[in-house]
Structure formats: C-alpha cells, structure tokens
Amino acid sequence: SKHSVNLDNRTANVAVRPFELEMGFQFELHVTVSGKKINVSEIPELPIPRDWMRDKLELNFYKTEQGGGGEIENVTYSKESGTAVITFLKPG
C-alpha cells in the first residue's frame, strides 16, 4: 500500500487509499417507437457531457435482453430540448 515515486529528481512517498465513486443516475424516459427509429423525450438534464449522454442512450437501446434493441446506426441527442432520436440499422 506504500510506494515511492521519483519525479523530477525528487522522491515522493505515496500510499494507496480506498475511495468511493459517485452514485449513478437513474431516470425515466418516455419513448415513441416506429419501425426503425425511437423518439425519446423528457430526458432529464444531468451534469454530464453531451457525448456521455449520447453514449449512454446508445448503450441502453443497443441491449437486446430488455425485449428490444439492436445495432444502432445513429443517435441524435438535443440537451436543450431533452430529446433524442435513436436510429437502428434494421427495423424491428
């Protein structure tokens, strides 16, 4: 648990300590489904970057064990309106 690190001709003694990660976010989405696209609305504004939210939406709708999903062609996310359009490669 204790280490020595050499930085710029100086030695620093460091120790490893456990830390807690912040809890994840849980939220409810409202979804309208068509053959190839899903319109998602009422996405809450969270303190995460726009790209992270887009990636989270893509991962969520890619999962097939939840009774749907599949390969994603595109995710268009608007933080301002709290909406997204998920486009799948194949209709289903």
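Residues numbered from 1 in each chain as written. Predicted model: local features only at pLDDT ≥ 70, side-chain atom pairs only at ≥ 80, totals over all residues. Heavy atoms only, no water.

Colleague: I'd like a description of the environment of Ile38, backed by residues and values.
Modeller: With respect to the helices, strands and loops of the structure, Ile38 is situated in strand E4 (residues 37–41). Separated by 50 residues in sequence, Ile38 and Phe88 place their C-alpha atoms 8.4 Å apart. (Helix = DSSP H or I, 4+ residues; strand = E, 2+ residues; numbered from the N terminus.)

Colleague: So, the pairing of strand E2 (residues 10–15): which residues are in play, and what are the values?
Modeller: E2 sits mainly on the outside: zero of its six residues count as buried. When strand E1 (residues 2–7) meets E2, the two strands line up antiparallel, connected through six bridges. Looking across to E2, one finds that Leu7 is bridged to Arg10. Between E1 and the antiparallel strand that follows it, E2, lie two residues; Asp8 among them carries a positive phi value of about 50 degrees. (Buried < 20%, exposed > 50% of the residue type's maximum accessible area, 1.4 Å probe, protein only. Pairing = 2+ DSSP bridges.)

Colleague: Go over the pairing of strand E6 (residues 83–88) with me, naming the residues and quoting the values.
Modeller: Pairing of E4 with E6 involves four bridges; the strand directions are antiparallel. By the bridge assignment, Asn39 is partnered in E6 with Val85. Remark: four residues form the turn of the hairpin made by strand E5 (residues 72–78) and E6, two consecutive strands paired antiparallel; Gly82 in that turn has positive phi of roughly 65 degrees.

Colleague: Give me the pattern of salt bridges: which residues, what numbers.
Modeller: One side chain can pair with another of opposite charge once the charged atoms of both are near each other. Applying the stated criterion to the full structure yields four salt bridges. A salt bridge links Arg54 to Glu58, with the shortest nitrogen-to-oxygen separation between them at 3.4 Å. Here Arg54 pairs with Glu58, and both are found in helix H1 (residues 50–62), just four residues apart, close to one helical turn. Since its relative accessible area comes to 29%, Arg54 is described here as partly exposed. Under the relative-accessibility criterion, Glu58 is labelled partly exposed at 26%. Because the salt bridges share partners, they merge into one network encompassing Arg54, Asp55 and Glu58. (Salt bridge = Lys/Arg side-chain N within 4 Å of Asp/Glu carboxyl O.)

Colleague: How would you explain the confidence of the model for the protein chain if you had to name every residue and give the values?
Modeller: Averaged over the protein chain, the pLDDT score is 81; the fraction of residues at 70 or greater is 82%. Mean pLDDT per element in the protein chain: strand E3 (residues 30–33) is the minimum at 67, and E5 is the maximum at 92. (pLDDT = per-residue confidence, 0-100.)

Colleague: Go over the nonpolar core, please, and point to the residues and values.
Modeller: Val40, Ile43, Met53, Leu57, Phe61, Ala84 and Ile86 are the most contacted members of the largest nonpolar core, which has 14 residues in total. Secondary structure elements with two or more residues in this core: E4, H1, E5 and E6. (Core = buried A, V, L, I, M, F, W, Y, C linked by side-chain atoms within 4.5 Å.)

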